[in-house]
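Secondary and tertiary structure notes
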Amino acid sequence: RLRPTTRRRAGGAAARCALGTKQPDVSPRVHPNVLSTVGRTPLVRVNRMLPERPDVAILAKCEYFNPLSSVKDRLALGIVDAAERQGLIEPGKTTLVEATSGNTGVALAMVAAAKGYRCVITMAETFSIERRRVMRMLGAKVVITPKEDKGTGMVRKAEELCAAHDDFFNLRQFANQANPDFHAQTTASELLSDMAGHEFSALALGYGTGGTLQGVGRMLRAARPSVHIVLSEPELAPLVADGAHKQAYRDDGQPAQSHPAWTPHPIQGWTPDFLPIIAKRALDDGYVDALHRCAAPDAIATSHALARNEGIFTGISGGASMAAALHYARTAAPGAVVVAILADTAERYLSTPLFESIDADMNDEELELARSTPNYVLEPSK
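In short, a report on the structure. Computed from a prediction, not measured in an experiment: that's the story for all the values here.

This part covers the pattern of salt bridges. By the definition in use, this model includes 20 salt bridges. Residues Arg-53 and Asp-55 are paired through a salt bridge, measuring 2.8 Å at the closest nitrogen-oxygen approach. Its relative accessible area of 13% is what places Arg-53 among the buried residues. A salt bridge links Arg-74 to Glu-63; the nearest nitrogen and oxygen atoms lie 2.7 Å apart. Of the two residues, Arg-74 sits in helix α2 (residues 72-85) while Glu-63 sits in the loop between β2 (57-62) and α2, which places them 11 residues apart along the sequence. Owing to a relative accessible area of 1%, Glu-63 belongs among the buried residues under this scheme. Shared partners join several salt bridges into a network, and the residues in it are Lys-61, Glu-63, Arg-74 and Glu-190.

Set out below in structure tokens:
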């Protein structure tokens, strides 16, 4: 017989486990939490983007396979784990704070939720609306700063908040050495493992903080020094091309002011209005062999081409990285293998220029197709 339902005590299984009850055994293939799924992203061969060079292979490292769909999942996990090891933060007591264009904020909100931290994000108003909503769904508080203050303004706001609240801890992604160190341990190790015993001619990527550039560059120089590292940056914000020496820093590594060559650009996540000290150190250490300046329309067109020709769904920055890889591959020696880092998913850009040409309603061709049979036709409203 079915027993009448009774209300369980608050806490349920979690409360009983806290009292010492053994948790059920599960398969060792089950991840203990979402954070253990970060990394180990695939390398995918790109087959239709450069038909005139069948003698060159182009590979995409698809970082949108991370649990919250961007390379910044690695950064967030790495800098939080490092702060915990140093005894600087504690779940339930510390509020994690970061200035971000969005992907790091989403990743940090995930890490905070999984570990039991509160999370506050500062973000300039120019970045996509969907990023704010995703962060808030994950439980973070999002403080929007005026667009006139640019990326430097959101960094300063994070500092102000931490100065005003005793339990707030600024993770400082743009100057935190744990950021590139985690990429050296994970992203670089994965590339070296996947490419072991095979040709690896060039790597194309951009920079936001410079963590991937410095961490991967350091390991490639040690293990595969022949790999040509191509750094791409927005044509509208040529900070490296104009001169890294023009960027001034405070003693803590944060920017003292904007770089004079920066102007607004739509490649979100890349090239804030300053050159982060992490990226500057990568340049100083010789981790860049060539510079590619990417026009925004080229980045968007390449992202669209990847989606339609390959089924690879990446954002504007991914399109820019692939554009740099294609540029290199066009004149590469026969047998070359070029890898592009695709930082995130196109779904982070629904409200941006990436989707301006993508209609929500049926176009004329789709209406004609709908009308080719007699029933279930949704005619456009007058």
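All right, on to helix α11 (residues 296-310) then. Taking 1.5 Å per residue as the helical rise, α11 with its 15 residues ought to reach 21 Å, and the 21 Å between its terminal C-alpha atoms agrees with that figure. Those residues of α11 that sit buried are Ala-296, Ala-299, Ile-300, Thr-302, Ser-303, His-304, Ala-305, Leu-306 and Glu-310. Here the buried face of α11 lies against β1 (43-46), β9 (290-294), α12 (316-330) and β10 (337-342). Positioned one or two residues after α11, Gly-311 has a phi angle of 75°, which is positive.

Calculation notes
Residues numbered from 1 in each chain as written. Predicted model: local features only at pLDDT ≥ 70, side-chain atom pairs only at ≥ 80, totals over all residues. Heavy atoms only, no water. Salt bridge = Lys/Arg side-chain N within 4 Å of Asp/Glu carboxyl O. Buried < 20%, exposed > 50% of the residue type's maximum accessible area, 1.4 Å probe, protein only. Helix = DSSP H or I, 4+ residues; strand = E, 2+ residues; numbered from the N terminus. Expected span 1.5 Å × (residues − 1). Contact = heavy atoms within 4.5 Å.

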